[in-house]
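# Close look at the chain arrangement
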Amino acid sequence: MEFGDITFTEKTRAVIKIQDGCDRFCSYCIIPYARGRVRSRKPKNILSEITKIAKEGIKEVVITGIHIASYGKDFKEEYKLIDLLEEINSIEGIERIRLGSIEPLLITEEFVNRLEKLSKVCHQFHLSLQSGCDETLKRMNRRYTTEQFKEITTLLRTYFEDAILTTDIIVGFPGESEEEFNQTYTFLEKIKFYKMHIFKYSPRKGTKAASMKGQVNGNIKEERSKKLIELSNKNQRYYNESYIGKSVEILFEEEKNGVYQGHTKNYILAHYKTSDKIENTILKLKCVKANEEYIIVE
Ligand code: SF4
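Residues numbered from 1 in each chain as written. Predicted model: local features only at pLDDT ≥ 70, side-chain atom pairs only at ≥ 80, totals over all residues. Heavy atoms only, no water.

### Some words on the overall build of the chain
Quick note on the threshold: Here a helix means four or more residues in a row that DSSP labels H or I, a strand means two or more in a row labelled E, and each is numbered from the N terminus. Using C-alpha atoms as the atom set, the radius of gyration is obtained and then compared with a globule rule of 2.2 Å times the number of residues to the power 0.38. Here the term buried applies to any residue with accessible area under 20% of the maximum for its type, exposed to any over 50%, and partly exposed to those in between, with areas from a 1.4 Å probe on protein chains only. In what follows, residue pairs with any heavy atoms lying within 4.5 Å of each other are defined as contacts. We score Asp and Glu as negative and Lys and Arg as positive, and we do not count His or the chain ends. The atoms used to mark charge sites are NZ of Lys, CZ of Arg, CG of Asp and CD of Glu.
Within the chain, the secondary structure is distributed over 8 helices and 13 strands. What you see for the chain is a C-alpha radius of gyration of 20 Å, in line with the 19 Å of a compact globule of 298 residues. Here the C-alpha coordinates of the chain stretch approximately 60 × 50 × 35 Å along the principal axes. Relative to its full complement of 298 residues, the chain shows a buried share of 50%. Restricting to contacts in the chain with at least 6 residues of sequence separation, those with at least 24 account for 74%. For the chain, the centre of its 49 positive side-chain charges and the centre of its 45 negative side-chain charges are spaced 3 Å apart.

So, in structure tokens, the structure goes:
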């Protein structure tokens, strides 16, 4: 099966879907039932698609899929995500390669070692953690422990000094007691993600978790979600402020009321007031101010 799936964001970025389906069967997720097993697009088709859009002026590609860590699992010959990234890295015209959400267990020393050599890969890593409590993770049928996850973040931060780590967290998963939630909170304080996307658990019919005992009350989910959003905002402000006085490269995407918006290579949103036309241009500018949401450059 072959399926191209490109969505353009203005003239700067293209989202490339490299695979579909998932074989993981997390207990809350309907995707393996709804979308079936892993199917990877052929590398030559992905590469020719990216070459074509690079010629049209696109500078940044976002590599996505349902479970991109499984890319190539269904091929006869060994060819993995890192092999594909190495080939994309050599496509002329592409200046930034961004990875979509990745399964934490993909991050091994070998993977990071090869990734480090790819100059176009953005050091922004979205690792879906889902919970910071080992018992909850087990019930979710996630396949890592918090200890392993911590090691993975240390590995990334050791190789990439400017790494920005983001994540998804589910609150109110069946059986999540106050104690389990507190463990998650403490773990998240330690990891200090740049940004966390918080989801209140909602049962999906046909999944294991939907019929688990200990479904959590909506008000409790709301409270827990609020606490984690506050923590996320605090972290984001902390990271953004740490850029004040530093020069950063920004790819500008669009203009709104005289202010251009763009992102740094590690995906920090930047605002720049200018009357110049700088869409789809990469500029190196100095961060002069920062808030919870973005940095201001001059
Ligand atoms: S949550 Fe992600 S890894 Fe787990 S089954 Fe769903 S798609 Fe697969």
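On we go.
### Some points on the side chain of threonine 153
In plain terms, the rule: Residues adjacent in sequence count toward polar contacts only when both atoms are side-chain atoms; beyond that, a polar contact is any pair of N or O atoms within 3.5 Å, and within protein one must be able to donate a hydrogen and the other to accept it.
Tracing the backbone through its elements, the reader meets threonine 153 in helix 6 (residues 146-159). Among the polar contacts made by the side chain of threonine 153, one reaches the main-chain carbonyl oxygen of lysine 150 at a distance of 2.7 Å. For threonine 153, the residues in contact, after removing those within four places along its chain, are Leu127, Leu165 and Ile191.

### Thoughts on the domain arrangement of the chain
Our working definition: Where a domain begins and ends is set by an automatic assignment or by a domain database. Here the quantity called buried area is the accessible surface, traced with a 1.4 Å probe, that two parts lose on coming together, added over both. By convention in these notes, a salt bridge is any Lys or Arg side-chain nitrogen within 4 Å of a carboxyl oxygen on Asp or Glu. Here the nonpolar group is Ala, Val, Leu, Ile, Met, Phe, Trp, Tyr, Cys and Pro; Asp, Glu, Lys and Arg are the charged ones; every other residue, Gly included, is treated as polar.
According to the domain assignment, the chain contains domain 1 (1-122), domain 2 (127-238) and domain 3 (247-297). The C-alpha-based centres of domain 2 and domain 3 are spaced at 30 Å. Between domain 2 and domain 3, a total of about 590 Å² is buried, with carbon and sulfur atoms accounting for 44% of that surface. Contact with domain 3 buries surface across domain 2, with Ile164, Tyr194 and Arg237 losing the most and accounting together for 63% of the total. The tally of links between domain 2 and domain 3 comes to 0 salt bridges. Our count for the contact surface shared by domain 2 and domain 3 stands at 2 residue pairs in polar contact (both at pLDDT 80 or more). Its residues assigned to classes, the side of domain 2 that touches domain 3 shows 2 nonpolar, 2 polar and 2 charged.

### Concerning the pattern of salt bridges
Pairs can form between side chains of opposite charge whenever their charged atoms are close. Throughout the structure, instances matching the rule amount to 23 salt bridges. Measuring nitrogen to oxygen at the nearest pair gives 3.7 Å for the salt bridge that ties aspartate 20 to lysine 17. Here aspartate 20 and lysine 17 have matching classes, each one buried. The partner of arginine 114 in a salt bridge is glutamate 86, with the nearest N and O atoms 2.9 Å apart. You can see arginine 114 sitting in helix 4 (residues 109-116) and its partner glutamate 86 sitting in helix 3 (residues 81-89), a full 28 residues away along the chain.

### Some remarks on the pairing of strand 8 (residues 195-200)
Quick note on the threshold: For two strands to pair, DSSP has to find at least two bridges joining them. For a crossover, the right-handed case is the one in which the path from the first strand over the helix to the second runs clockwise, viewed with the strands pointing away from the viewer.
Direction of pairing for strand 7 (residues 164-171) relative to strand 8: parallel, over a ladder of 6 bridges. In the sheet register, isoleucine 169 faces strand 8, and the bridge partner there is isoleucine 198. Each parallel crossover has a hand, and for strand 7 linked through helix 7 (residues 178-191) to strand 8 it is right-handed.

### So, the site of the ligand
Which entries qualify depends on this criterion: When we say a residue is near a molecule or strand, we mean one of its heavy atoms is within 4 Å of it.
Taken together, Cys22, Arg24, Phe25, Cys26, Tyr28, Cys29, Ile31, Pro32, Ile66, His67 and Arg142 are the residues near the ligand. Considering only residue class, the shell around the ligand consists of 8 nonpolar, 1 polar and 2 charged.

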